Amino acid sequence: AEKHTGVSCVMASMDDIQFEEAARVGQIITIKAKVNRVFKTSMEVGIKVTVQDVLTNVEKIMSVAYATYVAKPVGVAGKIQLEPVKLLSTEDHLEHSLAIERRRIRLGYEHVFQNLMEESNKEGDYCDTFEEEDAVSTDLTHVQSIELVQPPHANHHGNTFGGQIMAWMETVASISASRLCHSYPILKSVNMFKFWGPSVVGDRLVFNAIVNNTFQNSVEVGVRVEAYNCEEWIKDQARHINSAFLIFNTVNDKGELLTFPRIKP
């Protein structure tokens, strides 16, 4: 993003990420990124991750993701207009065309979810009639973690890496899911990963994870991230900076998917 704009850039959101393969110790990971399209003040960056086994030399696609970045020059208030991307190859033209559709879906997805949340929060909509036997209370899956943002966790502008936040989210979500399945969960996707605000070096980040629901062979864990500087920490004034939904499954020694128990909200 910064190679294209020539100024400081920050990640605004990440589209849903699907993981096709799992990378293991000793394997080679290759990451390629390029700007697919510019939308006046924001841009879509496509990211392709492959994993290669050094013993068999087999290379597989691990994940393809699309991140939205905005330019944030130091000392400049507001958004700035960006130069359009130069399309050189057939693949560039294809990604450029698809980017506008992904943006339309992304914005529509956000709108639908906000409406859903507003509807579900209306008084009287929730009725606690769940009485299934052997259901596990979601209280048992609640996990909280606190991380201090230090220089290695931040980029050259002092903002916390989006990937670092995602890594911390995966850890706390994995523990939450494991309390339900009593096994080692495998991350399959990260959904609706959006930044509502920044965090910087010195902030305390509080991660709260809980199982939202189970679906036969998969489980959704919701994670909410709040940030505090020193003053906010003392006053207990949190900044909601990020939320996401992580989907896990588990397998046995034969690689067969295991069934998750039902949960009681």
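Because the structure is predicted, anything quoted here is derived from the model rather than measured. (Residues numbered from 1 in each chain as written. Predicted model: local features only at pLDDT ≥ 70, side-chain atom pairs only at ≥ 80, totals over all residues. Heavy atoms only, no water.)

Draft legend 1. Quick look at the UniProt feature "domain: HotDog ACOT-type" (unreviewed entry) in the protein. UniProt records the feature "domain: HotDog ACOT-type" (unreviewed entry) for residues 1-75 and 139-254 in the present numbering. Counting secondary structure, residues 1-75 comes out at 5% helix and 59% strand; the distance between its end C-alpha atoms is 19 Å. As a span, residues 139-254 carries 22% helix and 43% strand, and end to end its C-alpha atoms are 31 Å apart. (UniProt positions renumbered as here; feature names shortened; annotations may be inferred. Helix = DSSP H or I, 4+ residues; strand = E, 2+ residues; numbered from the N terminus.)

Draft legend 2. Representation of the pattern of salt bridges. The full count for this structure, using the stated rule, is 11 salt bridges. Ionic pairing is found between D92 and K34, a salt bridge with its closest N-O pair at 2.7 Å. You can see D92 sitting in helix 2 (residues 90-120) and its partner K34 sitting in strand 3 (residues 28-39), a full 58 residues away along the chain. Linked by salt bridges that have partners in common, D15, E44, E95, R102 and R106 make up one network. (Salt bridge = Lys/Arg side-chain N within 4 Å of Asp/Glu carboxyl O.)

Draft legend 3. Spotlight on a nonpolar patch on the surface. A grouping of I28, V54 and L55 is seen on the molecular surface, where their side chains present a nonpolar patch of about 320 Å² in accessible area. Structurally, the position occupied by I28 is in strand 3. (Patch = residues over 30% accessible without salt bridge, like charges linked within 9 Å, V, L, I, M, F, W, Y side chains within 5 Å. Areas by Shrake-Rupley, 256 points an atom, 1.4 Å probe, with all protein chains shown as cover.)

Draft legend 4. Up close: helix 3 (residues 162-181). Taking 1.5 Å per residue as the helical rise, helix 3 with its 20 residues ought to reach 28 Å, and the 28 Å between its terminal C-alpha atoms agrees with that figure. By the burial criterion, the buried members of helix 3 are G162, Q164, I165, M166, W168, M169, V172, A173, S176, A177, L180 and C181. (Expected span 1.5 Å × (residues − 1). Buried < 20%, exposed > 50% of the residue type's maximum accessible area, 1.4 Å probe, protein only.)

Draft legend 5. Focus on the domain arrangement of the protein. Domain boundaries in the protein define domain 1 (1-107) and domain 2 (134-264). Here the C-alpha centroids of domain 1 and domain 2 sit 23 Å apart. Contacts between the two partners involve 13 residues from domain 1 and, on the opposite side, 14 residues from domain 2. Buried area between domain 1 and domain 2, both sides added, is near 1,100 Å², and the carbon and sulfur share of it is 51%. Elements with a minimum of two residues in the side of domain 1 that touches domain 2: strand 1 (9-14) and strand 2 (17-18). In terms of residues, the side of domain 1 that touches domain 2 owes the most to one element, strand 1, which gives 6 residues. In terms of residue class, the side of domain 1 that touches domain 2 is made up of 7 nonpolar, 3 polar and 3 charged. (Domains from an automatic or database assignment. Contact = heavy atoms within 4.5 Å. Buried area = accessible area lost by both parts, 1.4 Å probe. Nonpolar A, V, L, I, M, F, W, Y, C, P; charged D, E, K, R; others polar.)

Draft legend 6. Quick look at the packing of aromatic side chains. Under the counting rule described, the total for this entry stands at 3 aromatic pairs. Judged by centre distance (5.1 Å) and plane angle (85°), the rings of F193 and F195 are edge-to-face. Take F193 and F195: they sit in the same class, and that class is buried. Relative to W233, the ring of Y228 has its centre 5.0 Å away and its plane inclined at 90°; by these criteria the two rings are edge-to-face. One residue, R103, lies across the ring of F39, its end atom 4.9 Å from the ring centre. (Phe/Tyr/Trp six-rings, centres within 6.5 Å; stacked < 30°, edge-to-face > 60°. Lys NZ or Arg CZ within 6 Å of the ring centre and 35° of its normal.)

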